[in-house]
Amino acid sequence: MLIRRNRSWEIPEARVTPEHMFLNRRSFMGAAAGAVAFSAVRPAWAAEDPSAKLYPAKPNPAFADAGRPVTGAEYTTTFNNYYEFGSSKRIAEAAEKLPIRPWAIVIDGEVEKPLTIGIDDLLAKVTLEERIYRHRCVEAWSMVVPWTGFPVKSLVELARPNSNAKFLRFETFNKPDVAPGQTDGFFTSYPWPYVEGITLAEAANEMPLLVTGAYGKPLPNSMGAPLRLHLPWKYGFKSIKGIVRVSFTAERPVSFWETLGPAEYGFWANVNPEVPHPRWSQATEQELGSGERVPTLLYNGYAEQVAGLYKDLGSEKLFM
Ligand SMILES: Nc1nc2c(c(=O)[nH]1)N[C@H]1C(S)=C(S)[C@@H](COP(=O)(O)O)O[C@H]1N2
Ligand SMILES: [Mo]
């Protein structure tokens, strides 16, 4: 994402391609070429993962059809936003350097008892299911992915928040030794680690998913292994990857992109085709893979499931 805050924060043009220019046919073909490189790095994708036996998980029939065709894994696993590994979309190989075992997740803040739990112990306490969800990046590209994961609701039950808890704050790893984006020149000034947040009311909704797999296998590193969030009705930057900490808070968390560009990226970030980004329209989106341009839907098509969460919040900036 390109940030326009003030001169000193602007990314030099040579370092990042504005996303709407990036998404031409040629770059989609490039993604397919990237897939070849990806499988060379990890020949038996995820076969050696200790959680491999949990896959494929049972499909949840309520989310078996996203209304659009599933995007090929050769595209979605090699065309990514993961700034920890660089600002280009070709981070899959760099992301392979992130060790995903052992992997501990801290659950703390306004909870009865803070705890630290290993990813495989966490997986033993929840029930994995598959849900096919649309994903709409704020940069106006989109994809459809069969995710495997468990409802955020299950994590809330496990954490037992106290009555002060109003928000969930998610945090990504901070590992400059393996993440070039956290090491390299310009980007070291970014407010690492990547942080995102949702309200406790949003967390109680059926839609938010903590994702551990995709396409019937453990999640590849490029997509945020071993644990990422997916919020299909919000712009993609809310769907934080590489989670190491979930804190229950009384105060609204300030996210990574909100810190960098508060005029462009807000807390709510619900998808709305009628509310343009300050620098481009959000009316349509380009499908990863097919390259087709399709209309963007209110709440990314999930209004029935989530619109009720916002009925008393009319004064908030719900769509940025
Ligand atoms: N930690 C972290 N999480 C992140 C990002 C990131 O740069 N770092 N990018 C976000 C953005 S802008 C999008 S669109 C999605 C992309 O997910 P994908 O690469 O699996 O398609 O991840 C989100 N989660
Ligand atoms: Mo995004």
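Residues numbered from 1 in each chain as written. Chains lettered and ligands numbered in written order. Predicted model: local features only at pLDDT ≥ 70, side-chain atom pairs only at ≥ 80, totals over all residues. Heavy atoms only, no water.

Caption draft 1: Structural context of the sheet that holds strand 7 (residues 195-199). Within the open sheet, the five strands sit side by side as 3-2-11-6-7. Their pairing is mixed. Only two strands of the sheet have a single partner each, and these edge strands are strand 3 (115-118) and strand 7. Across the sheet, the mean angle from the axis of one strand to that of its neighbour is 20°, orientation sign disregarded. Two strands pair when backbone bridges link them, and strand 6 (residues 167-172) and strand 7 are joined in this way by five bridges, in the antiparallel orientation. Paired with L168 across the strands is I198, a residue of strand 7. Lying over the sheet, helix 6 (residues 152-159) contacts strand 2 (104-109), strand 3, strand 6, strand 7 and strand 11 (243-249), oriented at roughly 65° with respect to strand 11. (Pairing = 2+ DSSP bridges. Helix = DSSP H or I, 4+ residues; strand = E, 2+ residues; numbered from the N terminus. Axes fitted to C-alpha atoms, helices over the stretch in contact; angles between N-to-C directions. Contact = heavy atoms within 4.5 Å.)

Caption draft 2: Structural detail: the pairing of strand 6. Burial runs high along strand 6: five of the six residues are buried. Sheet analysis places strand 6 next to strand 11, joined by six bridges and oriented antiparallel. Each bridged residue has a counterpart across the sheet, and for T172 the counterpart in strand 11 is I243. (Buried < 20%, exposed > 50% of the residue type's maximum accessible area, 1.4 Å probe, protein only.)

Caption draft 3: Representation of the site of ligand 1. As a matter of local geometry, ligand 1 sits amid 19 residues, with N80, Y83, E84, S239 and K241 nearest to it. Taking N80, its side chain carries an N or O atom lying 2.9 Å from an oxygen atom of ligand 1. In isolation ligand 1 offers 530 Å² of accessible surface; the protein chains occlude 100% of this area. When each cavity is represented as a set of grid points, ligand 1 is found to reside in the largest cavity. Broken down by class, the residue content of the shell around ligand 1 amounts to 10 nonpolar, six polar and three charged. (Near = heavy atom within 4 Å. Polar contact = N/O pair within 3.5 Å; in protein donor to acceptor, adjacent residues only side chain to side chain. Areas by Shrake-Rupley, 256 points an atom, 1.4 Å probe, with all protein chains shown as cover. 1 Å grid on protein atoms, 1.4 Å probe; cavity = no way out; pocket = protein on both sides within 12 Å on 5 of 7 lines; lining within 4 Å. Sits in = over half its atoms within 2 Å of the grid points. Nonpolar A, V, L, I, M, F, W, Y, C, P; charged D, E, K, R; others polar.)

Caption draft 4: Structural detail: the pattern of salt bridges. According to the stated counting rule, one finds 14 salt bridges in the structure shown. Put simply, R68 and E285 hold a salt bridge, and the shortest N to O gap is 2.7 Å. Of this pair, R68 sits in the loop between strand 1 (58-59) and helix 3 (73-76) while E285 sits in strand 12 (residues 284-287), placing them 217 residues apart in sequence. Grouping residues by exposure puts R68 and E285 together as buried. A single salt-bridge network, built from bridges that share partners, covers D108, R169, E171 and R245. (Salt bridge = Lys/Arg side-chain N within 4 Å of Asp/Glu carboxyl O.)

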